[in-house]
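Descriptive analysis of the structure
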Amino acid sequence: MTGSVPITVSFQSEGAASTVFGSGGCNTYSAAYQASGSSLTVSQLGNTEMYCMDSEGVMEQESKFLQTLQAAER
């Protein structure tokens, strides 16, 4: 079962520093990103590592989301 806890994504760019951050449903995350045209590269992904049992499937949902975010190309 997939979790039903909301995932949040925010992109912030200040000068040369660009950061994507938010919540994967349980833990918070942040990463550097570069965007050029329709190309997107996400790197240096970091996240908190709490185990959440409040909603069934939330840990699986979060893991899939973070893997997808790190693999994003556009």
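This text goes with the structure placed above it.
Just so it is clear, the model here is predicted, and its values are computed rather than measured.

Attention now goes to the overall build of the protein chain. Each helix and strand counted, the protein chain has one helix and four strands in total. Starting at the N terminus and ending at the C terminus, the protein chain contains elements arranged as β-β-β-β-α. The C-alpha extent of the protein chain, read off along each of the three principal axes, is 40 × 20 × 15 Å. Of all 74 residues assigned to the protein chain, the portion counted as buried reaches 31%. In the protein chain, the proportion of contacts linking residues at least 24 apart, taken out of those at least 6 apart, comes to 40%. For the protein chain, the exposed surface amounts to about 5000 Å²; the carbon and sulfur share of it is 50%.

So, on to the pairing of strand S4 (residues 39–47). The side chains of a regular strand alternate between both faces of the sheet. Judged from the seven bridges that link them, strand S3 (residues 28–36) and S4 form a sheet pairing that is antiparallel. Counted as the bridge partner of Ala32 is Ser43 from S4. Connecting the antiparallel pair S3 and S4 is a turn made up of two residues, with Gly37 showing a positive phi of about 60°.

Here four strands make up an open sheet; going across it, the order is S1-S2-S3-S4 and the pairing antiparallel. Taken across any chain shown, the strands that pair with only one partner, and hence form the sheet edges, are strand S1 (10–14) and S4. With strand direction ignored, the average angle separating the axes of adjacent strands in the sheet is 25°. Bridging between strand S2 (residues 17–23) and S3 involves five bridges; their strand directions are antiparallel. Note that in S3 the partner of Phe21 across the bridge is Ser30.

Residue placement: Ser38 occurs in the loop between S3 and S4. For the pair formed by Ser38 and Arg74, sequence separation is 36 residues and the distance between their alpha carbons is 5.5 Å.

For the rest of this paragraph, the subject is the pairing of S2. Across five bridges, the pairing between S1 and S2 is antiparallel. Counterpart to Phe11 in the pairing with S2 is Val20. Remark: two residues form the turn of the hairpin made by S1 and S2, two consecutive strands paired antiparallel; Gly15 in that turn has positive phi of roughly 65°. Between S2 and S3, which follow one another and run antiparallel, lie four residues, and Gly25 among them has a positive phi close to 115°.

Thresholds, definitions, all that
- Residues numbered from 1 in each chain as written.
- Predicted model: local features only at pLDDT ≥ 70, side-chain atom pairs only at ≥ 80, totals over all residues.
- Heavy atoms only, no water.
- Helix = DSSP H or I, 4+ residues; strand = E, 2+ residues; numbered from the N terminus.
- Buried < 20%, exposed > 50% of the residue type's maximum accessible area, 1.4 Å probe, protein only.
- Contact = heavy atoms within 4.5 Å.
- Areas by Shrake-Rupley, 256 points an atom, 1.4 Å probe, with all protein chains shown as cover.
- Pairing = 2+ DSSP bridges.
- Axes fitted to C-alpha atoms, helices over the stretch in contact; angles between N-to-C directions.

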